[in-house]
Amino acid sequence: EKIGVLCSGRGTNLQSIIAAVESGQIPAPIGVVLTDKPDVMALERAEKAGIPNFCVNRKECSDKQEFEEKLVEKLREHGVTLVVLAGFMRILSPYFVRAFKGRILNIHPALLPSFPGAHAHRDVLEYGVKVSGVTVHFVDEGMDSGPIILQAAVPVEDDDTEDTLAARVLVEEHKIYPRAIELYLKNKLKVEGRMVRILK
Ligand code: GRF
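Computed from a predicted model, the values in this text were never measured in an experiment.

Please explain the site of the ligand as it appears in this structure.
Every residue lining the ligand is accounted for by R10, G11, T12, N13, G87, I107, P109 and E173. For the ligand, an oxygen atom lies 2.8 Å from a polar atom in the backbone of N13. I107 is positioned with one of its backbone polar atoms (N or O) 3.5 Å from a nitrogen atom of the ligand. Contact with the protein chains hides 87% of the accessible area of the ligand, taken as 370 Å² for the molecule alone. Of the residues that constitute the shell around the ligand, the class distribution is two nonpolar, four polar and two charged.

Please explain helix α2 (residues 41-48) as it appears in this structure.
Structural remark: α-helix, 3.6 residues per turn; residues separated by three or four positions point the same way. Those residues of α2 not exposed but buried are A42, L43, R45 and A46. Buried residues in α2, looked at end-on, bunch into an arc of 160 degrees, giving them a common side. Turned more than 90 degrees off the buried face of α2, the exposed positions are E47 and K48. In this fold, the buried residues of α2 make contact with β1 (3-7), α1 (12-23), β2 (30-35) and β3 (53-55). Downstream of α2 by one or two residues, G50 has phi in the positive range, about 70 degrees.

Please clarify how the packing of α1 against helix α6 (residues 162-185) should be interpreted in this entry.
Packed helices, taken two at a time, are described by their axes: the angle between them and the distance between them. The interhelical angle for the contact between α1 and α6, taken along N-to-C directions, is 45 degrees, at an axis separation of 9 Å. One finds that α1 runs oblique with respect to α6. Where α1 crosses over α6, the handedness of that crossing is right-handed. Contacts between α1 and α6 involve T12, N13, S16, I17 and A20 from the first element and L170, E173, H174, Y177, P178 and I181 from the second.

Can you help me understand the sheet that holds strand β4 (residues 82-85) in this one?
Consider a sheet: its strands pair through backbone hydrogen bonds, and that pairing is either parallel or antiparallel. The strand order β3-β2-β1-β4-β5-β6-β7 describes an open sheet built from seven strands, whose pairing is mixed. The outermost strands of the open sheet, each flanked by one partner alone, are β3 and β7 (148-155). Between one strand and the next, the sheet's axes are offset by a mean angle of 15 degrees, whatever the strand orientation. Sheet topology note: the β4/strand β5 (residues 104-108) ladder contains three bridges and is parallel. Looking at the pairing, L85 lines up with N106 of β5. Its contacts with the sheet put α1 on β1, β2, β4 and β5, and the angle it makes with β2 is roughly 175 degrees. Across the sheet, α6 lies against β1, β4, β5, β6 (131-138) and β7, angled at about 155 degrees from β7, the strand it touches most.

Thresholds applied
Residues numbered from 1 in each chain as written. Predicted model: local features only at pLDDT ≥ 70, side-chain atom pairs only at ≥ 80, totals over all residues. Heavy atoms only, no water. Near = heavy atom within 4 Å. Polar contact = N/O pair within 3.5 Å; in protein donor to acceptor, adjacent residues only side chain to side chain. Areas by Shrake-Rupley, 256 points an atom, 1.4 Å probe, with all protein chains shown as cover. Nonpolar A, V, L, I, M, F, W, Y, C, P; charged D, E, K, R; others polar. Buried < 20%, exposed > 50% of the residue type's maximum accessible area, 1.4 Å probe, protein only. Helix = DSSP H or I, 4+ residues; strand = E, 2+ residues; numbered from the N terminus. Arc of directions from axis to C-beta. Contact = heavy atoms within 4.5 Å. Axes fitted to C-alpha atoms, helices over the stretch in contact; angles between N-to-C directions. Parallel < 35°, antiparallel > 145°, perpendicular 65-115°, else oblique. Left-handed = near helix turned anticlockwise from the far one by under 90°. Pairing = 2+ DSSP bridges.

So this is what it looks like as structure tokens:
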């Protein structure tokens, strides 16, 4: 197995996955890191870790299909068998999802199915919920809608801002994503319809 990580920005989840590979928690290497935008920290993090990394610049692609074909080409070139979306801010089309069917994970900074989409923390605060958290799930052809693998909850404080909530959730993200990837690679996840059972 080889992991391909797709990022759009900071790459703090990428960093926690790199650490988990280096510690042996995750039993497979990261073969390549791809971003949809140039000059983002995720590329620097990959470079520092000696991981092949490329920007497949969405702005230089004539359409979504060309963009995704380039992503798939790069992933295949590097022998990737598990695609990990980590702070990747693009919706992938059925073409991409089918190319890696059942082999794409995503992390979302809310307790799905609540608060899907690109502004989870803002929506959480606007709604006034008292508990939020993070979800790691398989990617299907919907948005933030695939079978859920792991979740973790955090309290929402009355004086929270998007930044203070995001920081609290991020701590949990950095624990839960390596764990989910480890379980997947150790064949401990059994998908039964919408339900993902974790084998002991
Ligand atoms: C994180 O909140 C993650 O859940 C979301 O993007 C944010 C940035 O992640 N998908 P990262 O620091 O780039 O890993």
